[in-house]
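The residues making up each chain are set out below.
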Amino acid sequence: MQKSHLHILLLLLLCFSLCGCSILPQQAETTVPVTTLPPTEPPTTVPPTDPEPTEPVPVNTESMDFLKLLYKDTHTVTPVDYTLVDVIVVNDSIYKIVWTADASEDIVKIIPNEDGTVTVDVNEFYPEEVQYVLTASIATAEGYRLTHFWTHTIPEGKDMVTIVDEAYGLKKGEKLPYPVTLTGEIISIEKQWSDDYANITVTIAVEGREGRPIRCYCLKGEAAKQLQKGDVITVTGILQNYSSRIEFDSGCTLKNVEKSDNEG
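Just so it is clear, the model here is predicted, and its values are computed rather than measured.

(A) Summary view of the sheet that holds strand β14 (residues 245-248). Reading across from one edge, β13-β14-β11-β10-β9-β12-β15 is the order of the seven strands in this open sheet, with mixed pairing throughout. Each having just a single partner strand, β13 (239-242) and β15 (253-258) make up the two edges of the open sheet. Neighbour to neighbour, the strand axes of the sheet diverge by 40° on average, direction disregarded. Alignment of strand β10 (residues 199-206) against strand β11 (residues 209-219), held across five bridges, turns out to be antiparallel. Of the residues in β11, the one forming a bridge with Val202 is Cys216. Seen against the sheet, helix α3 (residues 160-168) touches β9 (180-194), β10, β11, β13 and β14 and runs at an angle of roughly 75° to β11.

(B) Spatial organisation of the nonpolar core. Of all hydrophobic cores here, the largest spans 24 residues; its most connected members are Leu219, Ile233, Leu239 and Phe248. Elements that contribute at least two residues to this core include exactly α3, β9, β10, β11, β12 (232-237) and β14. If we skip the residues at most four places from it in the chain, Leu219 touches Trp193, Ala198, Asn199, Ile200, Val202, Ala224, Leu227, Ile233, Val235, Cys252, Thr253 and Leu254. Membership of the second largest hydrophobic core comes to 23 residues, among which are Leu67, Ile88, Val118 and Leu146.

(C) Inspection of the packing of aromatic side chains at higher detail. Applying the stated rule across the entire model yields two aromatic pairs. A centroid spacing of 6.0 Å and a plane angle of 80° characterise the contact between Tyr71 and Trp99, whose relative ring orientation is edge-to-face. Here Tyr71, found in the loop between α2 (62-70) and β1 (76-77), pairs with Trp99, found in strand β4 (residues 93-101); they are 28 residues apart in sequence, far enough to count as distant. You can call Tyr71 partly exposed: its relative accessible area is 21%. Trp99 sits in the buried class, given a relative accessible area of 7%.

(D) Broad picture of the confidence of the model for the protein chain. For the protein chain, mean pLDDT is 86; residues scoring 70 or higher make up 77% of the total. This stretch, residues 18-36, has a pLDDT under 50; its non-local contacts, to residues over four places away or in other chains, come to zero contacts.

(E) Representation of α3. Looking at α3, one finds that the buried residues are Ile163, Val164 and Ala167. All buried residues of α3 lie within an arc of 100° about the axis, which places them on one face of the element. Each element contacted by the buried residues of α3 is listed here: β9, β10, β11, β13 and β14. The backbone nitrogen of Val161 lies 3.1 Å from a side-chain oxygen of the residue at the head of α3, namely Asp159.

(F) Quick look at unusual backbone geometry. Phi at Asn91 takes a positive value of approximately 50°, unusual for a residue other than glycine. With respect to the helices and strands, the residue Asn91 is situated in the loop between β3 (87-90) and β4. We classify Asn91 as exposed; its relative accessible area is 63%.

What counts and how
- The numbering scheme is per chain: residues are counted from 1 as the chain's sequence reads.
- Whole-chain, interface and lining totals are the exception, using all residues; otherwise, since this is a predicted model, local features are given only for residues with pLDDT of at least 70 and side-chain atom pairs are given and counted only at 80 or more.
- Each side-chain value is worked out from all heavy atoms of the structure, with water and hydrogens disregarded.
- Two strands pair if DSSP finds at least two bridges between them.
- A run of H or I in DSSP becomes a helix once it reaches four residues, and a run of E becomes a strand once it reaches two; helices and strands are each numbered from the N terminus.
- Angles shown run from 0 to 180 degrees and are taken between the N-to-C directions of axes, each axis being a line fitted to C-alpha atoms and, for helices, limited to the stretch in contact.
- In this description, contact between two residues means that some pair of their heavy atoms is separated by no more than 4.5 Å.
- Buried residues of nine kinds, namely Ala, Val, Leu, Ile, Met, Phe, Trp, Tyr and Cys, make up a nonpolar core once their side-chain atoms join them within 4.5 Å.
- Throughout this description, buried means an accessible area under 20% of the type-specific maximum (1.4 Å probe, protein chains only), exposed means over 50%, and partly exposed covers the range between.
- Here is the rule: rings of Phe, Tyr and Trp (six-membered ring for Trp) pair when centre to centre is within 6.5 Å. Planes less than 30 degrees apart are stacked, more than 60 are edge-to-face, and the remainder are tilted.
- Note: pLDDT gives the predictor's confidence per residue, expressed from 0 to 100.
- Summarising the geometry, the arc corresponds to the directions from the helix axis toward the C-beta atoms.
- In the analysis that follows, any N or O atom pair within 3.5 Å is treated as a polar contact, provided that within protein one partner can donate a hydrogen and the other can accept it, and provided that, for residues neighboring in sequence, both atoms belong to side chains.

Here is the structure:
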């Protein structure tokens, strides 16, 4: 009996041990879900954010606009020298103009003056007609460079004898179509220098056409005040037939003077 009780007691202890192990709480495993992309697809990336678009700095064209008002976009015949401004002031801003020409210097030369202008020195006696492009360039405070161009033509050069003959072929009231330059000796002074009008009227004789005098009506120029008979002068202007008199029209300009030895 005692041995049987002992067996029973051992069986009970064994069952209790097994039951105790089965009822102990089990610690749950912590798992983190992992999302993976298929191996053929690249990892997703966030595109960079583009900066906000900025407004471009407006180009200030007021200087060139003003220059184009001064010099119109017309095809001009330039048979004689002419002047252009090379400095302009717009709204208290000073702009320097750089002038260039696409012709060689023996045809067109840009000569700076001391008064804020340049002289465009054209070859008046070039043997053939020449078309050239005159370009103005202006640098602005914003760092831009503005350019504009004009197309001009130098007509076929003519000698002075031919020019005088063409002038004498004009009918009353007619004018030559563009300015010309003549050099001749003063043979008479019709109207002395006027301080009020800053001009003088003289008549010249061109060598080779001494019998066809040319009057220089209301001639202007720095040295015109001291002109006297016998001086050899160079004059530029428009020739016309005024009441059968061949003359340079009012506004003609004295370009050069070779003083004579005469005192009177």
